[in-house]
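Each chain, written out:
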Amino acid sequence: MKTAVIVALTLAGLIPAGGLLFFGKQFIKLWLGEGYDDSWYIAIIIMIALTIPSIQNVGNSLLEAYNLHPKKIKVNIIFAVLSVFLGFIL
């Protein structure tokens, strides 16, 4: 049951990104005209950057619903500490 919900919500998050990926160039040409072809690439970058965290937010809600968020908190603390140390090293 959990897996089916996760897959369904992930696909729901990817549908708008897929629409922009396949039809975005034509839409931008129709809406803005010929001089804005490069804006499609910027839109794709922004859409990818916003789609991934949106899918992760669904997972966070599921973790809270199943009372598993203490594990996520521990993982986030470990990654935060590692990020600080790597930040100083690099």
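Everything quoted here is computed from the prediction, not taken from an experiment.

A.B. asks: For this particular structure, what's the right way to read a nonpolar patch on the surface?
C.D. replies: A contiguous nonpolar surface patch, about 780 Å² in accessible area, is contributed by V75, I78, F79, L82, L86, I89 and L90. Following the sequence through the fold, L90 ends up in the segment after α3 (69-89).

A.B. asks: Can you help me understand helix α2 (residues 39-65) in this one?
C.D. replies: Note on helix geometry: an α-helix contains 3.6 residues per turn, so any two residues three or four positions apart are oriented the same way. Across its 27 residues, α2 extends 39 Å between first and last C-alpha, which sits within 8% of the 39 Å expected from 1.5 Å per residue. Of all the positions in α2, only W40, I44, T51 and L62 are classed as buried. Immediately downstream of α2, the backbone of N67 shows phi near 60°, a positive value.

Rules of the game
- Residues numbered from 1 in each chain as written.
- Predicted model: local features only at pLDDT ≥ 70, side-chain atom pairs only at ≥ 80, totals over all residues.
- Heavy atoms only, no water.
- Patch = residues over 30% accessible without salt bridge, like charges linked within 9 Å, V, L, I, M, F, W, Y side chains within 5 Å.
- Areas by Shrake-Rupley, 256 points an atom, 1.4 Å probe, with all protein chains shown as cover.
- Salt bridge = Lys/Arg side-chain N within 4 Å of Asp/Glu carboxyl O.
- Helix = DSSP H or I, 4+ residues; strand = E, 2+ residues; numbered from the N terminus.
- Expected span 1.5 Å × (residues − 1).
- Buried < 20%, exposed > 50% of the residue type's maximum accessible area, 1.4 Å probe, protein only.

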